[in-house]
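Residue-level structure breakdown
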Amino acid sequence: MSDKNKKVSAFAAYRGSATSKNDVQKGTKNSDKNGAAKNNNNRNLASKNGGKQKGPPKKNETPANTRESLKRRNDEAEGSNPIGAKRTSSTPVGQSTSAARSTQQPKAPSCPLQRRSCPLPSKKNTVPVKVEVASPDRALLSPQSIKKEPGASMLCRIKIGLVKSVQPGGDAGAEAGAGQAVNRLEPCHEVHKENSIEVGKRTLAQLIAPMTMATFLRDHWEKSPFRVKTTTSGGFSNLISFKMIDQMLIQNHVEYTTNIDVTSYEDGVRKTLNPDGRALPPSVWAHYQRGCSIRILNPSSYLVQLRQLCVKLQEFFHCLVGANVYLTPPESQGFAPHYDDIEAFVLQVEGKKRWRIYAPTKELPRESSGNLSQTELGDPIMDIVLKPGDLLYFPRGWIHQAITEKDSHSLHITLSAYQQQSYANLMEKLMPLVVKESVEQTLKLRKGLPLDIFQNLGVANAEWKGAHRQKLIQHIQNLAQRLVPTEGQIDRALDQLAIKFQHEALPPTIAPQELKRTVFGAQATADRNGHCSLDYELAEGTAVRLLRANIVRLTVDEGVLRCYYYTDNGLEYCKYEPNFFELEPFHGTVIETLIHAYPEYTKIKDLPPMGNDEDRLEFVEALWERGILMVEKPFKKL
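In short, a report on the structure.

Reading guide: rules and limits
Residues numbered from 1 in each chain as written. Predicted model: local features only at pLDDT ≥ 70, side-chain atom pairs only at ≥ 80, totals over all residues. Heavy atoms only, no water. Buried < 20%, exposed > 50% of the residue type's maximum accessible area, 1.4 Å probe, protein only. Helix = DSSP H or I, 4+ residues; strand = E, 2+ residues; numbered from the N terminus. Pairing = 2+ DSSP bridges. Axes fitted to C-alpha atoms, helices over the stretch in contact; angles between N-to-C directions. Parallel < 35°, antiparallel > 145°, perpendicular 65-115°, else oblique. Left-handed = near helix turned anticlockwise from the far one by under 90°. Contact = heavy atoms within 4.5 Å. Nonpolar A, V, L, I, M, F, W, Y, C, P; charged D, E, K, R; others polar. Phe/Tyr/Trp six-rings, centres within 6.5 Å; stacked < 30°, edge-to-face > 60°. Expected span 1.5 Å × (residues − 1). Polar contact = N/O pair within 3.5 Å; in protein donor to acceptor, adjacent residues only side chain to side chain. Core = buried A, V, L, I, M, F, W, Y, C linked by side-chain atoms within 4.5 Å.

**Regarding the pairing of strand β9 (residues 382-386)**
By the alternation rule, side chains of β9 split into M382, I384 and L386, which are all buried, and D383 and V385, of which none is buried. Of the pairings in the sheet, the one linking strand β8 (residues 353-358) to β9 comprises five bridges and is antiparallel in character. By the bridge assignment, R354 is partnered in β9 with V385.

Structure (structure tokens):
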């Protein structure tokens, strides 16, 4: 069997399960947004005239003269989607651009670009995605040598790293392993050919240098805190500053509570002092002058270079990398001692701050603590002062508190990663699948409960140790032991967990080399009669690849093949519902081929067949127009 045939057979079980172009897919439940209320309003597909229609969308009245289209489904009612309803697509229904170019344009005062049944259907009443252009010539972080750190200072039996940073071109006598790590992380001069996971790994390596990634992952990740002590200042000054905050407040509608908090901690009492409404500079700075701390909850929505840092790291961690900014006046503390449910990287930007870190009372908790009292803490494991350019890492569960010195304010960024990314989260997705499918295959699980079970089990009967009770318990335990996950169930559960990343991830930032190879750099022009022409055209010989390693995720749910993607995500956390479209099996093999080929480019003609070459070209062009794909060579202006 050929490789291509093998790929086709991988999806053979789902052939025919995806509905045709004019069918309606029932909807899904909205996902939780960190405790926020669920949005129960389903979005309907817009009608052809642009308005919303109630009830199921009508069938497309335009004759379909191509294969069944790749569809984004509208969620009409609560149903089977494991995460939630998605917002509708932004690509107009109709002819693909490649086919439209060969169609005679009718003369009309408005733009008459006709489109056939485009593989990605329309999106109405949505906000355009804001795409930032990052300069490849400007390093996000100051370049530093990546070498193995000196011996960590041992304050107790737990390894606490105190690492001193080095200047570029420093100790040439570093061991061979560290030198090899540097070579593996060397940036690619051709940005459009880089692997986004390696870019994220290199970015993290720059943050923790001179500690090596191997040492970090072996000795500290999820285990113990460490501090990188820099010999220079200003290492993170391009990410945030007093002036940037002031301009952010002026230029954007920043709301108290939603985007910014005013806090204080005095006499062991933590208070939030948020006014109502918009946070304008006079109000924010008045609170700061009175000794309050300022916490900015989603600065990456407004600050481009901070967002670039988070976007790069999220590809390596395969989870949302969030950022909070904390501005604290001199001799002040804004928060009570507590522990978090995230892996924390503290980047000291301005001033100084004293941090005290305490051993966890519970290792790797799944939820953050409340405010702790000083009497609950004991002696700190670490008691350090961070200065500009320093970095502090501590795992989830490690108790911490921070206070500014008498003669200095503090401005720092906390990067957070790996929230709800544990085996427990995987099991929460996996075991319902196992139970559901085991019930179908096991008669004993479908048998009714014994008539006397409620008189023998339950907390009221826990003290009774009768033989019949023990027999019931043993039988239930035996049934549970049969619930062993299959390989396929584990794959599907992990895919369901991966949908969380597709929903939460920040949209990609686009470098100039990428801009001219993606839809984000495409331009349309119109003549005096309003006829549109586009400056790109894909052909069978065009080489394409995914924009990012994790830009898409294929899933199978109830026999329906879906492709989730994060290109259209908003800058605010889970602003929209998850983006996905449903696929036929031959669509899935094309995307699977692109996933496995990444970061290499693949010519369209070398992708798995899809009925005919025109169908395959149209499908790939639709993916490119969605921002999921990038071409190897910029288009020649048409």
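Continuing now.
**So, the sheet that holds β8**
Here three strands make up an open sheet; going across it, the order is β9-β8-β11 and the pairing antiparallel. The sheet is open, and its two edges are formed by β9 and β11 (399-404), each paired on a single side. Averaged over all adjacent pairs, the angle separating strand axes in this sheet is 20°, with direction ignored. Pairing of β8 with β11, which is carried by six bridges, proceeds in the antiparallel orientation. Across the sheet, the residue bridging to W355 is A402, located in β11.

**Let's talk about the packing of helix α9 (residues 423-441) against helix α13 (residues 487-504)**
Angle between the axes and distance between the axes are the two parameters that describe a pair of packed helices. Close contact between α9 and α13 brings their axes to 8 Å; oriented N to C, the two are set at 135°. Classified by the angle between their axes, α9 and α13 sit oblique to one another. Relative to α13, α9 is oriented so that their crossing is right-handed. Between α9, through N425, L426, K429, L430, L433, V434 and E437, and α13, the contact on the second element is made entirely by Q489, I490, R492, A493, L494, Q496 and L497. Across the contact of α9 with α13, the residue classes tally to eight nonpolar, three polar and three charged.

**Here we look at the packing of aromatic side chains**
Taken as a whole and assessed by the stated rule, the structure comprises 23 aromatic pairs. Between F226 and Y393, the aromatic rings sit 5.7 Å apart at their centres with planes inclined by 35°, giving tilted as the arrangement. On the criterion of sequence distance, the pair formed by F226 in strand β2 (residues 226-229) and Y393 in strand β10 (residues 391-394) is long-range, its members being 167 residues apart. The buried category is assigned to Y393, whose relative accessible area is 0%. Ring centres of F317 and F345 lie 6.3 Å apart, and the angle between their planes is 45°; this geometry places the pair in the tilted category. Placement of the pair is F317 in helix α8 (residues 304-317) and F345 in strand β7 (residues 343-351), with a sequence separation of 28 residues. Looking at F345, the relative accessible area reads 3%, which means it is buried.

**Some details on helix α16 (residues 613-625)**
In a regular helix each residue adds 1.5 Å, so 13 residues correspond to 18 Å; α16 covers 18 Å between its end C-alpha atoms and thus fits that length. Every buried residue belonging to α16 is among D615, R616, L617, E618, F619, V620, E621, A622, L623, W624 and E625, and all of these are buried. Where α16 starts, the residue carrying a side-chain oxygen 3.0 Å from the main-chain nitrogen of E614 turns out to be N612. Phi turns positive, to about 90°, at G627, one or two residues after α16.

**With respect to the environment of Q289**
The topology assignment puts Q289 in helix α7 (residues 281-289). A sequence separation of 39 residues divides Q289 from T328, and the C-alpha atoms of the two residues are 9.9 Å apart.

**Examining unusual backbone geometry**
Looking along the chain, the bond that leaves A209 and enters P210 is cis, with omega of 15°. Residue P599 is reached from Y598 by a cis peptide bond, and omega for that bond is 5°. Mapping P599 onto the fold places it in the loop between α15 (585-597) and β19 (602-603). Phi at T257 is positive, roughly 75°, even though this residue is not glycine. Looking at where T257 falls in the secondary structure, it is placed in the loop between α6 (242-251) and β3 (260-266). Of note, the phi angle at D267 is positive, near 55°, even though the residue is not glycine. Looking at where D267 falls in the secondary structure, it is placed in the loop between β3 and β4 (269-272).

**Side note on the nonpolar core**
Ranked by internal contacts, the top residues of the largest apolar core, which has 50 residues, are L207, I413 and L415. Among the elements that make up this core, the one with the highest residue count is α8 (six residues). Ignoring anything within four residues of it in the chain, the contact list for L415 reads L207, L306, L309, C310, L313, V321, G322, A323, E343, A344, F345 and L347. Formed by 34 residues, the second largest nonpolar core is a distinct cluster that contains L538, M610, I628 and V631.

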